[in-house]
Amino acid sequence: MNTKSGIAVSLSLLSLFLINLVPSTTGIIIAFIISVCFLIVVLKSKLYSGISKTIFLDNKGIAFLAGVVSLCLGMRFINAWIGSKVLLALCFHHNLVKNLFLFTVTFVLAVGCFLVIVLLLKKLAEYLPDDSGNAISSEKKLSLKAIVIILITSVICITICSKSSPIYPFNNWVDVNAFFTVGKSVTNDMVIYKDIYEQKGPILYFLFTVVYLISHTTFVGAYVLEIITCFCFLLISYKTLCLFTSSRIIYTFPILAVIIYSSPALSLGGSAEEICLPCVALCHYFGIKSIVNGKRIRLLEWLIIGITSGAILWVKFSLLGFYIGFGLVFAVIYLKNRWIKDLFQAVASLFAGVLLISVPVLVYFIINSAVADLYQVYFYDNIFVYSVNDSGNRLRSLIENLCNGFSSAIDSYLIGFVMIFAGFIFLLRKKDKLMIYSLTTLLFSFFFIYSGGRSYKYYSFLLSVYVPFGILLFVSVIRCLKEKYEQKKTAKKPMKRLVIPVLLLTYALCVFCMYSFCPNTYMLKYSKEDLPQYKFDKYISETENPTLLNYGYRDNGFYTVSDIMPTCKYFCKINMPKEEIKKTQDYYVENGLIDYVVTTEETLDTSRFNQYEYVSAASFENTKNSYREYYLYQKKH
């Protein structure tokens with residue numbers, strides 16, 4: 001790389017920092033000029049032939065990764081600038097069309113970043129260690145040691161990081177309480193969507209029916225469910241990593257668990273994303289194993305992929321993006337190798353697996369005459385009513401949704417994305433197919449998760465399936481440094497007796513990190529008596545067979561603590577802009593059909609709803625440093 005090219009690369013790297021600064025006229029002009037200069041230098045130097053060779057001949061995986069990173073930087077840039085007053089003033093002063101100007105600048109920046117990143121990744125790949133010789137057979141039986149370490153890790157993780165854990169007074173997350181309430185309603189012969197309204201999939205509610213049967217007023221069942229899903233995910237991840245390295249990678253899993261489960265992306269514990277994670281990880285394992293070994297996916301594995309995709313279809317179908325990307329990649333691989341017969345057999349096995357899960361679900365709704373309700377609520381409302389940011393221009397709305405989603409994902413799961421990027425760096429020395437497969441499934445997952453316009457922090461948790469690969473990069477680098485500086489003649493064999501003390505020390509450090517970094521541990525300082533749910537239950541329990549309505553807000557857990565079956569179809573407000581929800585709740589309160597009404601943040605208008613009187617109020621730290629006010633009202637006697 002000559003001096004001019006080196007200066008151009010350095011300046012372009014500077015532009016990467018500029019695009020994430022607070023929007024300013026100077027910043028956007030400097031970043032734009034730097035990128036244009038870089039493009040000119042590249043086109044007039046030997047760098048162009050080197051980049052072209054990398055993109056089209058040498059390593060398509062590097063080009064693909066550089067393209068994805070540039071796309072991410074472009075989305076971040078758009079999100080930072082699209083609502084900027086500086087940009088509006090700049091465009092107004094120079095008579096520029098805002099969106100056209102913004103997308104033009106973004107394109108130039110992205111292309112400049114792409115060329116820089118291609119060069120850097122190409123150079124980096126030359127220095128990366130290749131430890132594939134340490135890999136073990138994926139078909140080897142799991143050792144008892146690995147199972148025990150993963151089980152202990154799972155129990156510790158969920159116990160500290162999830163509010164469903166018994167060490168917490170209560171899981172006050174509105175989502176998990178809504179799942180619990182619907183699961184409880186199923187035991188009372190209420191039909192999902194027909195008699196009780198909530199937007200997630202029926203299998204999720206069936207799981208929470210089991211959770212309710214384990215304990216009627218606590219989340220012990222959810223705690224067990226989360227431990228099982230965490231154990232399965234880590235176990236599958238271990239099997240996947242063993243395709244690239246030795247079984248000793250198991251000793252890094254407590255650290256891996258800290259990175260994933262102490263992040264804000266876990267939310268409060270019990271999300272649909274967390275429950276679906278093992279399913280996606282298993283499918284990912286089958287795909288990685290097929291590409292690494294150069295063999296076709298077995299029919300039994302296709303059947304399992306169908307079963308897991310069917311399960312996700314009926315839990316939260318927006319999480320199916322991974323499977324669509326997975327199917328696209330392997331359809332191309334099968335067609336390219338002319339495995340036409342195997343492709344048809346794979347598709348047949350896949351659909352057989354989907355049917356194994358779907359038929360019982362559909363039978364439930366057919367028997368209860370609720371197929372129309374299933375379609376209306378789960379499919380139509382989620383696709384056409386739940387989505388937001390419809391500006392009239394669908395392409396513009398889509399771009400804005402994805403940009404907002406990316407910024408939200410980075411903010412809530414920064415360490416996870418660092419590990420994901422590290423994992424892709426590790427894959428630079430592997431087969432191009434592996435990089436293309438992983439990036440394709442990642443892009444499809446991201447697109448389907450965030451294209452609707454919603455961007456809650458727990459949405460990014462499903463992308464944890466890519467995080468374990470980041471561990472491989474750091475392990476490889478450490479091993480390479482050790483081999484480089486260690487004198488083999490004087491090297492001592494590792495003392496096996498130190499393994500257990502070191503592992504115990506690792507667990508102690510991980511527990512400390514979980515407690516320090518997990519956003520949920522603030523709640524450990526509270527007892528049940530401090531929570532509004534238990535304060536209000538003292539009043540509610542005085543009434544025999546009481547009825548309750550969570551008015552105008554999500555399910556805050558009052559149904560759960562007081563073990564009350566909802567009598568109103570719209571038992572709480574959900575993130576669905578439907579007038580019918582408010583009208584129905586107003587009808588119940590106006591006509592005094594409920595014994596107790598709970599409101600959040602706003603008091604009840606007792607002049608309008610004059611059949612109710614104020615009973616009590618309470619304030620609580622709902623999430624760290626964020627307080628909410630709760631009010632209880634009782635029907636007048």
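For the structure, check the block above.
Residue positions within a chain follow its written sequence, with the count starting from 1. Under the rules for a predicted model, residues below a pLDDT of 70 receive no local features and side-chain atom pairs below 80 are neither given nor counted, while totals for whole chains, interfaces and linings still include all residues. Based on all heavy atoms of the structure, the side-chain values leave hydrogens and waters out of the count.

**Student:** An account of the pairing of strand S2 (residues 596–600) is requested, with residue identities and associated values reported.
**Tutor:** Relative accessibility under 20% of the residue-type maximum defines a buried residue, over 50% an exposed one, and the middle range a partly exposed one, all with a 1.4 Å probe and only protein chains included. Segments assigned H or I by DSSP are reported as helices when at least four residues long, segments assigned E as strands when at least two residues long, and all are numbered from the N terminus. Burial analysis of S2 places five of its five residues in the buried class, which makes it a mostly covered element. Of the two faces of S2, the one lined by Tyr596, Val598 and Thr600 and the one lined by Val597 and Thr599 are each fully buried. Criterion used throughout: strands pair if DSSP finds at least two bridges between them. Taken together, the three bridges between strand S1 (residues 548–550) and S2 define a ladder with parallel strand orientation. Across the sheet, Leu549 pairs through a bridge with Val597, a residue of S2.

**Student:** Talk me through the sheet that holds S1; I want residue IDs and the actual numbers.
**Tutor:** An order of S1-S2-S4-S3 is seen for the four strands of this open sheet, with the pairing classed as mixed. Because the sheet does not close on itself, it has two edges, and the strands there are S1 and strand S3 (612–623). On average, each strand axis in the sheet is inclined to that of its neighbour by 20 degrees, with strand direction left out of account. As paired strands, S3 and strand S4 (residues 626–635) are joined by ten bridges and run antiparallel to one another. Counted as the bridge partner of Ala618 is Tyr630 from S4. This element, helix H24 (residues 579–590), spans S1, S2 and S3 of the sheet and lies at about 145 degrees to S1. Angles here are taken between N-to-C directions and fall from 0 to 180 degrees, while the axes themselves are lines fitted to C-alpha atoms, restricted in helices to the stretch in contact. In this analysis, two residues are considered to be in contact whenever any of their non-hydrogen atoms come within 4.5 Å of each other.

**Student:** Help me get a handle on the packing of helix H14 (residues 321–336) against helix H19 (residues 432–450), residues and values and all.
**Tutor:** The contact between H14 and H19 brings their axes to 7 Å, and the two run at 145 degrees. When the axes of H14 and H19 are compared, the crossing they make is right-handed. For the pair H14 and H19, the contacting residues are Gly321, Phe322, Ile324, Gly325, Phe326, Leu328, Val329 and Phe330 in the first and Tyr437, Thr440, Thr441, Phe444, Ser445 and Phe448 in the second. Note on residue categories: nonpolar means Ala, Val, Leu, Ile, Met, Phe, Trp, Tyr, Cys or Pro, charged means Asp, Glu, Lys or Arg, and polar means any other residue, Gly included. Its residues placed into classes, the contact of H14 with H19 shows nine nonpolar, five polar and no charged. Two helices cross in a left-handed way if the nearer one is turned anticlockwise from the farther one by less than a right angle. They cross in a right-handed way if the turn is clockwise.

Purely geometric numbers; function is a separate question.
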